[in-house]
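# Residue-level structure breakdown
Here are the chains, one letter per residue:
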Amino acid sequence: MRQYFRLCVLPALLISSSISRAADVVWSAFDWQQTEIVAGAGKVRAAIVVPILVNGVECNAQLDTGAPSKVIWHRGADASLPSVETIVEVAGLRHAVKAKAPQLVGLESNNCKNEIIATIGNAYFEEGTLSLDLKENRLAFSPTGLLSNEAKAQPINYAQWSGNNGGHIVIEVILPNGKLGYAMLDTGAASFSVSAMSEADWNTLTENAPLQQSANVKEYKVNSWGKKIPCYETLAPGSIVIAQSFKVEHFRASYCVQDAFKAGQRLVGLLGLRDLQGKQITIDYLSRRWLIIN
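Residues numbered from 1 in each chain as written. Predicted model: local features only at pLDDT ≥ 70, side-chain atom pairs only at ≥ 80, totals over all residues. Heavy atoms only, no water.

Next up on the list: the overall build of the protein chain. Counting its regular elements, the protein chain contains two helices and 23 strands. Whereas a compact globule of 294 residues would reach a radius of gyration of roughly 19 Å, the protein chain reaches 19 Å, a difference of no more than 12%. Taken along the three principal axes of its C-alpha coordinates, the protein chain extends 50 × 45 × 35 Å. Buried positions account for 52% of the 294 residues belonging to the protein chain. In the protein chain, once contacts between residues fewer than 6 apart in sequence are set aside, the share between residues at least 24 apart is 65%. (Helix = DSSP H or I, 4+ residues; strand = E, 2+ residues; numbered from the N terminus. Rg over C-alpha atoms; globule rule 2.2 N^0.38 Å. Buried < 20%, exposed > 50% of the residue type's maximum accessible area, 1.4 Å probe, protein only. Contact = heavy atoms within 4.5 Å.)

So this is what it looks like as structure tokens:
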């Protein structure tokens, strides 16, 4: 994969004039992985790829707030192999994690910058605030709760359904029928707007659009952890409101037919980044709040 990432020190993170912060932060540039998901529709921004250091070696990883863990290595390894402590650095933040030798092959071959070696999930940033500037393609981390006194910030449920190994970011949305619903903020679904969790949720979002190829509904397949699954997408007739502040008219609703993610609470879908590109998202894990900035 082409590599033109750079680390840069930019002016202090400024979310709004009412947000206090302890210190300036270091911004780190990221790239978008461009992929054609719907045949014939051209390439879209499908994933955020961030530069990382693994034991001091420059590598790449996908940033995925749909993943609860700190680091998920992409190469498989026999469970019987010994694990070694490995230092991973993202946006100036370091963590010691476990890895097995086959998962670190790229480090030895000096080819690590040409592959996506791992996925970085929520647990990596849960001791501070993660800021994603989707317009300028950069991210930053602060070890403080930047949104604790921000009046415009909205609550999140940092849901730990599978124990203490990280969590999922659940946010509020106002559905087309005017009712309050909940969605999981998923940067791993970068190309999606709202992806329904079930056929019933698809019906709610689309006012019962048929799940079949038509003039209004596109059918396609996506690769999900090595499996091809059928998906559907349509321009929904209604609107959604994200975080009580950002209204999206005629959003794109999607539904991929597979065993639904087993959430510990009722979710209507996954909220991707399609409608948020060009904005700044701040996720304060400490204060359990988030903010969308135009």
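Right, let's talk about the pairing of strand β8 (residues 116-120) for a bit. Across the five residues of β8, five count as buried, placing the element largely inside the fold. Where strand β4 (residues 57-63) meets β8, four bridges bridge the pair, whose relative direction is parallel. Paired with leucine 63 across the strands is isoleucine 120, a residue of β8. (Pairing = 2+ DSSP bridges.)

Formed by 64 residues in total, the largest nonpolar core has its most connected members in Trp73, Phe125, Ile242, Leu276 and Trp290. Of all the elements, strand β3 (residues 43-54) adds the most residues to this core, at four residues. Not counting residues within four places of it along the chain, the set of residues in contact with tryptophan 73 comprises Val54, Thr86, Val88, Val97, Lys98, Ala99, Gln103, Leu104, Ile117 and Ala118. If you look at the next biggest cluster of nonpolar residues, it comprises eight residues, including Val38, Phe192, Tyr220 and Ile229. (Core = buried A, V, L, I, M, F, W, Y, C linked by side-chain atoms within 4.5 Å.)

Within the fold, lysine 100 resides in strand β7 (residues 93-100). In this structure the side chain of lysine 100 is engaged in a polar contact, spanning 3.2 Å, whose partner is the side chain of serine 83. (Polar contact = N/O pair within 3.5 Å; in protein donor to acceptor, adjacent residues only side chain to side chain.)

Counted according to the given criterion, the structure contains four aromatic pairs. Between phenylalanine 125 and phenylalanine 141, the aromatic rings sit 6.1 Å apart at their centres with planes inclined by 45 degrees, giving tilted as the arrangement. With phenylalanine 125 in the loop between β8 and β9 (129-133) and phenylalanine 141 in strand β10 (residues 138-142), this pair connects stretches of sequence that are 16 residues apart. What makes phenylalanine 125 buried here is its relative accessible area of 1%. (Phe/Tyr/Trp six-rings, centres within 6.5 Å; stacked < 30°, edge-to-face > 60°.)

Moving on: the side chain of glutamate 172. Turning to its location among the elements, glutamate 172 is positioned in strand β13 (residues 168-174). No salt bridge is formed by the buried glutamate 172, whose closest oppositely charged neighbour, arginine 289, lies at an N-O distance of 11 Å. Setting aside residues up to four positions removed in sequence, glutamate 172 forms contacts with Pro155, Leu180, Gly181, Tyr182, Val241, Ile242, Ala243 and Gln244. (Lys, Arg positive; Asp, Glu negative; His and termini not counted. Salt bridge = Lys/Arg side-chain N within 4 Å of Asp/Glu carboxyl O.)

This part is about unusual backbone geometry. One non-glycine residue with positive phi stands out, namely asparagine 55, at about 50 degrees. With a phi angle near 50 degrees, alanine 91 is a residue other than glycine that sits in the positive phi range. Looking at where alanine 91 falls in the secondary structure, it is placed in the loop between β6 (83-90) and β7.

Among the structural elements, alanine 61 can be located in strand β4. Residue classification places alanine 61 among the buried positions, given a relative accessible area of 0%. Taking the C-alpha atoms as reference points, alanine 61 and histidine 74, separated by 13 residues in sequence, lie 9.2 Å from one another. Filtering out sequence-adjacent residues up to four positions away, alanine 61 remains in contact with Ile48, Val49, Val50, Ile52, Ile116, Ala118 and Ile120.

A separate point is the pattern of salt bridges. Here the structure, examined in full by the defined rule, presents seven salt bridges. In this structure, glutamate 58 engages lysine 113 in a salt bridge whose closest nitrogen and oxygen atoms are separated by 3.2 Å. Of this pair, glutamate 58 sits in strand β4 while lysine 113 sits in the loop between α1 (105-108) and β8, and the two are 55 residues apart along the sequence. Measuring nitrogen to oxygen at the nearest pair gives 3.7 Å for the salt bridge that ties arginine 252 to glutamate 233. Of this pair, arginine 252 sits in strand β20 (residues 252-256) while glutamate 233 sits in strand β17 (residues 227-235), and the two are 19 residues apart along the sequence. Of the residues examined, arginine 252 reaches a relative accessible area of 24% and is grouped as partly exposed. The exposure class assigned to glutamate 233 is buried, which follows from its relative accessible area of 8%.

By the secondary structure assignment, tyrosine 158 is in strand β12 (residues 157-159). Separated by 60 residues in the primary sequence, tyrosine 158 and lysine 218 place their C-alpha atoms 33 Å from one another. Sequence-distant contacts of tyrosine 158, defined by excluding residues within four places in its chain, comprise Asn122, Ala123, Glu126, Gly166, Gly167, His168, Ile169, Tyr285 and Arg288. Of note is the side chain of tyrosine 158, whose polar atom sits 2.7 Å from the side chain of glutamate 126.

Taken in spatial order, the six strands line up as β1-β10-β9-β22-β23-β11 in an open sheet, and their pairing is antiparallel. The open sheet has two edge strands, β1 (28-29) and β11 (154-155), and neither has a second partner. Here β1 runs beside β10; their pairing, made up of two bridges, is antiparallel. Within β10, the residue paired with alanine 29 across the bridge is arginine 138.

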